[in-house]
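Listed below, chain by chain, are the residues.
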Amino acid sequence: MTDHFPHLFSPLDLGFMTLPNRVVMGSMHTGLEDRSRDYGKLAAYFAERARGEVALIITGGIAPSLSGWLAPFSARLDRRSQLRRHRLVTNAVHDEGGRICMQILHAGRYGHHPFCVAPSAIRSRITPFSPRALTTRGVSRQIRAYARCAVLAREAGYDGVEIMGSEGYLINQFLAPRTNRRTDRWGGSAVRRMQFAVAVTEAVRTAVGPDFIVIFRLSALDLVEGGSLGEEVMQLAAAVEKSGATMLDTGIGWHEARVPTVQSLVPRAAYSVLTSRIRAHVGIPVMATNRINMPETAEALLARGDADLVSLARPLLADPDWVHKARKGRDDQINTCIACNQSCLDRVFARRYASCLVNPRCCNETELNVVPTRVPRRYAVVGAGPAGLACAATLAERGHDVSLFEQDSRIGGQFNLAARVPGKEEFAETLRYFRRRLVVVGVDLRLGVHIQAPDLLKEDFDGFILATGARPRLPMITGLDHPAVHYYDEILSGRVRAGNHVAVIGAGGVGVDVATFLAMGNDRNSRHPDGYFREWGVDPLAATRGGVTDVKTRPPVPERRIWMLRRGHGKPGAGLGRTTGWVHRARLRALGVEMLTGVTYERVDDEGLHIRVGTEHRSLAVHTVVVCAGQEPQRELLAGLERQGRPVHVIGGADQAVELDAARAIEQATRLAVTL
Ligand code: NAP
Ligand code: SF4
C-alpha cells in the first residue's frame with residue numbers, strides 16, 4: 001500500500017498468485033516478437049518494465065498456428081523448438097521480480113497472408129486476402145492449437161496467457177454476425193456464435209491446470225456494423241468466467257472500425273463506463289483499457305469501481321518507470337504518452353519496429369543507454385524545442401554541465417503550438433515532463449535569451465548543440481506581403497485572430513492542425529466522453545449492433561468558412577500516420593472544411609486568394625490566408641560558431657526541416673547526447 005493512489009497500489013489476490021498493484025502492461029505488438037534474433041532485445045524491453053514495478057506484463061500477440069499468423073513469418077508458438085527464445089523473455093522478467101503472460105492471437109481473416117482462415121469466407125476491408133472458411137474439423141483443430149500454445153507458453157515460463165478475443169481477430173469474428181454466417185454448431189444464434197470463445201477458454205484452462213493465469217480479452221464494443229450487442233457481451237463475459245478465465249481484459253473497436261479509440265482526441269478513460277457494466281456481471285477481476293495515461297485517471301476509475309485493474313500499453317512504452325514513479329508520488333516526472341501513435345502503432349502497421357516518440361529508448365534498450373560520462377564537459381544547447389530539451393536533459397543526466405538557451409519565455413517550441421490544437425492537448429504533458437526533468441537533472445535553463453554567437457563564445461563551453469528549429473517556408477506566391485496573409489505560428493499561438501473566411505495554404509500536418517484549430521474554435525465538448533461519443537456516433541451501451549449509430553452530432557460547424565488547399569493531388573494530410581490521418585480528415589469533412597487539391601496559387605490581393613484548379617480560375621473571398629507550406633531550417637548561429645573550432649552539432653529542424661517530425665528530432669537529440 002502507498003499513500004499515493006491507494007486503489008492503484010492495493011494488491012490483488014488471484015488465489016494462486018498475488019499481484020502487487022493494479023497496473024497491467026497491455027499487449028502491444030512491437031515487431032521484436034517476430035524474429036528469433038530479436039528476442040534478446042525483447043527481453044531487455046520487458047525486463048525494464050518489470051523493473052519499473054508493473055504488476056503483470058502481457059506480450060504482443062503470438063499466433064497458435066500458421067493459419068493464425070498476423071503476417072508471413074510473424075510470431076507463432078506451436079512447437080517446442082521455439083521455447084528457447086521465449087525463455088529469454090520470461091527469465092529476464094522473473095529476474096526483475098515481474099510476472100508475464102503471453103498473448104495468444106489468432107488473426108483469422110486479419111491475417112496478411114494467403115493461408116488465413118475465418119468462420120466464413122468474408123474478406124475484411126483492411127486486408128487483401130480472402131480467408132478460407134474453417135470446416136467443422138478445422139474449428140476443432142484451431143481450438144486444440146490454442147490449448148497446445150498455452151501449454152507451450154507454460155513450459156516457456158510464462159505466468160499465464162491472454163486469449164485475444166477482441167479487436168476483430170478470429171474469436172471476435174466468430175462472435176459477430178458480421179463475419180460469422182455459419183450454419184453448423186459454431187454459428188447462428190448468439191449462444192452458438194459464442195461457443196468458439198467458450199471452447200477455446202475451456203480447452204486452455206483444462207490444458208494448463210488451475211494455477212496459471214488465463215485472461216480473456218473480450219471486445220467490450222466492436223464499433224462496426226453487425227458487431228455484438230451490449231447484452232451479448234455481458235453473456236460472453238459470464239460464459240468465459242464459467243469456462244475458467246482468471247480475469248477479463250477489454251478491447252475497444254475492431255481494427256476496421258471508423259471510430260478513433262486510441263488517438264489523442266479520445267478523452268482519457270472514456271471507455272471505463274463499459275468495464276463498469278461488465279464488472280457488475282462477473283465475479284472475476286476486469287481490466288479497463290484505452291487512454292489511461294496518468295495515475296490520477298487510473299486511480300479515479302478504480303476508486304469509482306469501474307474496473308479492478310488498468311491495462312496500459314503505450315504509457316509504459318513512453319515511461320517504463322510509470323508505476324514506480326506513481327508509487328513514489330513522483331507522477332510529475334512521468335514521461336506521459338501523448339497518444340500520437342507516431343512511433344508505436346503507425347510504425348507497427350508499416351511493418352517497422354515500434355518505439356516511442358517521447359522515449360526513443362523504447363525497444364532500443366540494449367543499445368541506447370544513458371550512461372554517466374567519464375569526462376564531464378560544458379555544453380551549450382540553443383533552442384528548447386523537443387530536440388533541444390531531449391538533448392539537454394540527456395546530457396545533464398549523464399553528468400555534463402549543460403546550459404540551455406531559449407529566446408521564448410517558455411520551453412517547448414512548436415509543441416506549444418501543437419498543444420493548442422483541439423484534440424492535441426496531451427502535448428502539454430510532454431512540456432510538463434521536460435520542465436520538471438530539467439530541474440531534476442540540473443540543466444541551467446536560460447529563458448528569454450536571444451543568444452548570439454559572440455556571447456556564446458565568451459563563455460567557456462566545450463561544445464555547442466544547435467536546436468534552433470525551423471521557420472515557416474515562404475512560398476513564391478504574388479501578394480504574400482498582403483496584411484491578410486499570416487503564418488501558422490501566428491494563428492496557432494493566438495497572436496493573430498483569423499477572419500471568418502480563411503484559406504489555408506498547405507495540407508500537411510500543420511495545415512490540418514491549423515484548419516482543425518480554426519474550425520473547432522473553443523469547442524471543448526468533444527473532450528468529454530459524452531461529447532466524443534456523440535461526435536463519432538458511438539452507442540456505448542451497444543443497444544445497436546456493434547455500438548455504432550448513424551446519429552452523429554458533430555461539434556457545431558462554426559460561422560467560419562475554411563478552405564484547405566494543396567498543389568498536389570493526394571489526399572490532405574497524406575503524410576500523417578495511418579492511425580491518425582483518416583481521423584483528421586473525417587473530422588475536417590464533418591466540420592465543413594472544403595479541401596481542394598491540384599491547386600495553383602495565382603495571387604493574394606484585397607479581394608482574397610486567387611487560384612486555379614485545373615483550368616478553372618477561382619477567387620476565394622477570404623479575410624485571412626494562413627501559410628502552412630512546410631518549414632526551413634533556422635541555423636543562423638552556425639557560421640559564427642563553426643569558425644571557432646569547437647564542436648558544433650546541429651539537430652532537429654535546424655538540421656533538416658523537410659518532413660521534420662518530433663519523433664525524428666527527439667531520437668536524433670537523444671542519440672547524439674548519449675555519445676558526447
Ligand atoms: P509538410 O507535411 O511538408 O506539408 C507542407 C504542405 O505545404 C504540403 O501540403 C505541401 O503540399 C505544401 N507546400 C510545400 N511547398 C509549398 C510551396 N512552395 N507552395 C505552396 N505549398 C507548398 O509540412 P508541415 O505541414 O509543416 O509538417 C511538418 C512535419 O510535421 C511533417 O512531417 C508532418 O507530418 C509533421 N506534423 C505531424 C503532425 C501530426 O499530427 N502527426 C502535425 C503537424 C506536423 P503541396 O506541395 O501538394 O502543395
Ligand atoms: Fe504514446 Fe506516441 Fe509514444 Fe506511442 S509514440 S507510446 S502514442 S507517446
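Rules and cut-offs
- Residues numbered from 1 in each chain as written.
- Chains lettered and ligands numbered in written order.
- Predicted model: local features only at pLDDT ≥ 70, side-chain atom pairs only at ≥ 80, totals over all residues.
- Heavy atoms only, no water.
- Helix = DSSP H or I, 4+ residues; strand = E, 2+ residues; numbered from the N terminus.
- Rg over C-alpha atoms; globule rule 2.2 N^0.38 Å.
- Buried < 20%, exposed > 50% of the residue type's maximum accessible area, 1.4 Å probe, protein only.
- Polar contact = N/O pair within 3.5 Å; in protein donor to acceptor, adjacent residues only side chain to side chain.
- Contact = heavy atoms within 4.5 Å.
- Near = heavy atom within 4 Å.
- Nonpolar A, V, L, I, M, F, W, Y, C, P; charged D, E, K, R; others polar.
- Domains from an automatic or database assignment.
- Axes fitted to C-alpha atoms, helices over the stretch in contact; angles between N-to-C directions.
- Parallel < 35°, antiparallel > 145°, perpendicular 65-115°, else oblique.
- Left-handed = near helix turned anticlockwise from the far one by under 90°.
- Buried area = accessible area lost by both parts, 1.4 Å probe.
- Salt bridge = Lys/Arg side-chain N within 4 Å of Asp/Glu carboxyl O.
- Pairing = 2+ DSSP bridges.

> For this particular structure, what's the right way to read the overall build of the protein chain?
A tally of regular secondary structure across the protein chain gives 21 helices and 27 strands. Here the C-alpha radius of gyration of the protein chain, 26 Å, is about what a compact globule of 676 residues would show, namely 26 Å. With respect to the three principal axes, the spread of C-alpha positions in the protein chain is 75 × 65 × 45 Å. Counting only residues that meet the buried cut, the protein chain has 61% of its 676 residues in that class.

> How should the side chain of Glu 299 be read in this particular structure?
Take Glu 299: it is sitting in helix α8 (residues 295-304). A polar contact is formed between the side chain of Glu 299 and the backbone nitrogen of Leu 8, at a distance of 2.9 Å. Non-local contacts of Glu 299, meaning those with residues more than four positions away in its chain, are made with Phe 5, Pro 6, His 7 and Leu 8.

> Got a minute to help me understand the site of ligand 1 in this structure?
Close to ligand 1 lie 21 residues; Lys 424, Ala 507, Arg 567, Gly 568 and Leu 660 are nearest. Between ligand 1 and Arg 567, the relevant distance is 2.8 Å, taken from an oxygen atom to a main-chain nitrogen or oxygen of the residue. For the shell around ligand 1, the element with the most residues is helix α17 (residues 509-520), which contributes three residues. When grouped by side-chain class, the residues that make up the shell around ligand 1 number eight nonpolar, seven polar and six charged. Shared between two domains, the shell around ligand 1 takes at least three residues from each, and those domains are domain 2 (378-472 + 645-673) and domain 3 (485-521 + 558-629).

> Can you help me understand the side chain of Arg 361 in this one?
The topology assignment puts Arg 361 in the loop between α11 (345-349) and β13 (378-382). Polar side-chain contacts of Arg 361 include one of 2.9 Å to the backbone oxygen of Leu 368. Once residues lying within four places of it in the same chain are set aside, the contact partners of Arg 361 are Glu 48, Leu 368 and Asn 369.

> Honestly, the packing of helix α5 (residues 190-208) against helix α6 (residues 230-242) in this entry has me stumped. Any pointers?
The packing of two helices is summarised by the inter-axis angle and the distance between the axes. Running from amino to carboxyl end, α5 crosses α6 at an angle of 30°, the nearest separation of the two axes being 10 Å. Classed by the angle they form, the pair α5 and α6 counts as roughly parallel. Here α5 runs over α6; the crossing is right-handed. Every residue of α6 that contacts α5 at Ala 190, Val 191, Arg 193, Met 194, Ala 197, Val 198 and Thr 201 is listed here: Glu 232, Gln 235, Leu 236, Ala 239 and Val 240. Partitioning the contact of α5 with α6 into residue classes produces eight nonpolar, two polar and two charged.

> What is the right way to look at the site of ligand 2 in this model?
Every residue close to ligand 2 is listed here: Arg 314, Leu 317, Cys 337, Ile 338, Ala 339, Cys 340, Asn 341, Ser 343, Cys 344, Cys 356 and Leu 357. When its residues are assigned to classes, the shell around ligand 2 shows eight nonpolar, two polar and one charged.

> What's the story with the domain arrangement of the protein chain in this structure? I'm lost.
Each assigned domain of the protein chain is listed with its residue range as follows: domain 1 (12-330), domain 2 (378-472 + 645-673) and domain 3 (485-521 + 558-629). Counting residues at the interface gives seven residues for domain 2, matched by twelve residues for domain 3. Between domain 2 and domain 3 the total buried area reaches about 960 Å² when both faces are included, carbon and sulfur atoms providing 65% of it. For the pair domain 2 and domain 3, the number of links is one salt bridge. Measuring nitrogen to oxygen at the nearest pair gives 2.9 Å for the salt bridge that ties Asp 513 to Lys 424. Counting across the domain 2 and domain 3 interface gives three residue pairs in polar contact (both at pLDDT 80 or more). Its residues placed into classes, the side of domain 2 that touches domain 3 shows four nonpolar, one polar and two charged.

> Just checking my understanding: could you explain the packing of α6 against helix α7 (residues 272-281) for this structure?
Their axes nearest at 9 Å, the elements α6 and α7 cross at an angle of 50°. In terms of axis orientation, α6 runs oblique to α7. Note that α6 runs across α7; the crossing there is right-handed. Residues Val 233, Met 234 and Ala 237 of α6 form the contact with α7, whose own contacting residues are Arg 277, Ile 278 and His 281. Along the lines of polarity and charge, the residues of the contact of α6 with α7 split into four nonpolar, one polar and one charged.

> Teacher, can you tell me more about the sheet that holds strand β9 (residues 213-221) here?
Within a beta sheet, neighbouring strands are joined by backbone hydrogen bonds and run either parallel or antiparallel to one another. Spatially, β10-β9-β8-β5-β4-β3-β12-β11 is the arrangement adopted by the eight strands of the open sheet, whose pairing is parallel. Each edge of the sheet is formed by a strand with only one pairing partner; in this case those strands are β10 (247-252) and β11 (287-288). Note that strand β8 (residues 160-165) and β9 share six bridges and pair parallel. Each bridged residue has a counterpart across the sheet, and for Ile 163 the counterpart in β9 is Phe 216. Here helix α3 (residues 136-155) sits on the sheet and contacts β5 (100-104) and β8; the angle it forms with β5, its principal contact strand, is near 160°.

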